[in-house]
Amino acid sequence: NAGVMQNPRHLVRRRGQEARLRCSPMKGHSHVYWYRQLPEEGLKFMVYLQKENIIDESGMPKERFSAEFPKEGPSILRIQQVVRGDSAAYFCASSPPGGLGSPLHFGNGTRLTVT
Amino acid sequence: GNSVTQMEGPVTLSEEAFLTINCTYTATGYPSLFWYVQYPGEGLQLLLKATKADDKGSNKGFEATYRKETTSFHLEKGSVQVSDSAVYFCALRKETSGSRLTFGEGTQLTVNP
């Protein structure tokens, strides 16, 4: 059973370009979470999605950031008009439906560098 | 709101030393508690968990006990190895937070031979 797959592992964008980060959850997992980790900092929650629904986006910046988890295909985190402050590691996690005792399983992250 | 506070790092130990990383939380009710470990350049891996008061989670020689009376979930290991060098994150999960994990700031552990 493959783990959470994120791609690309590394992404370099110039200021003003768009960044698209992809996440395929573990098989059987219908809940996806995106977190951002700034250098030397902890993980900050961004958004929680289920298939075709955004459940909680309280951690998402109001502008330039969007996320989706379509019925078919991976979850996508999209950052428009990137700025240097967007440089960070972005982690996706998934979990099965069920109780709070179920842990989240994390991918290896996408490291975004904005030049 | 829900929050997790970890002891400040970094922590540097010699091989075979005893490890404690403190973690306290703020939440109403009974959250589930977790410790995750992050090795350089990788994602987070679940180390252990506890879902109710007085539960003890354990894995790879690491242990943590869910203490409701002190709202704590301290991580311990009796004898650390160089390969334990990593960043350790304490986290909680509670229904009212939309079932997401809320993380502490992480503690960098370096074990020297």
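Here's what I pulled together on the structure shown here.

Reading the values: the criteria
- Residues numbered from 1 in each chain as written.
- Chains lettered and ligands numbered in written order.
- Predicted model: local features only at pLDDT ≥ 70, side-chain atom pairs only at ≥ 80, totals over all residues.
- Heavy atoms only, no water.
- Phe/Tyr/Trp six-rings, centres within 6.5 Å; stacked < 30°, edge-to-face > 60°.
- Helix = DSSP H or I, 4+ residues; strand = E, 2+ residues; numbered from the N terminus.
- Buried < 20%, exposed > 50% of the residue type's maximum accessible area, 1.4 Å probe, protein only.
- Lys NZ or Arg CZ within 6 Å of the ring centre and 35° of its normal.
- Pairing = 2+ DSSP bridges.

## Notes on the packing of aromatic side chains
Here the structure, examined in full by the defined rule, presents 11 aromatic pairs over all chains. Residues tyrosine 35 of chain A and phenylalanine 103 of chain B carry aromatic rings whose centres are separated by 5.4 Å and whose planes lie at 85° to one another, so their mutual orientation is edge-to-face. A residue pair is termed interchain when its members come from two chains, as with tyrosine 35 of chain A in strand S4 (residues 31-37) and phenylalanine 103 of chain B in strand S11 (residues 101-103). The same class applies to tyrosine 35 of chain A and to phenylalanine 103 of chain B, which are both buried. In textbook terms, an aromatic cluster arises when at least three aromatic residues are bridged by ring pairs, as seen for Tyr35, Phe45 and Phe106 of chain A together with Phe34, Tyr36, Phe89 and Phe103 of chain B. If you follow lysine 68 of chain B out to its NZ or CZ, it ends over the ring of tyrosine 30 of chain B, 4.5 Å from the centre. A cation over an aromatic ring shows up here: arginine 100 of chain B above the ring of phenylalanine 45 of chain A, its NZ or CZ 4.3 Å from the ring centre.

## Section: the pairing of strand S2 (residues 11-14) of chain B
Residue and element names in this part refer to chain B. Side chains Val11 and Leu13 project from S2 onto a buried face, and the interleaved Thr12 and Ser14 project onto a face without burial. Both S2 and strand S12 (residues 107-112) contribute to a ladder of four bridges, which runs parallel. Pairing of threonine 12 across the sheet is with threonine 110, part of S12.

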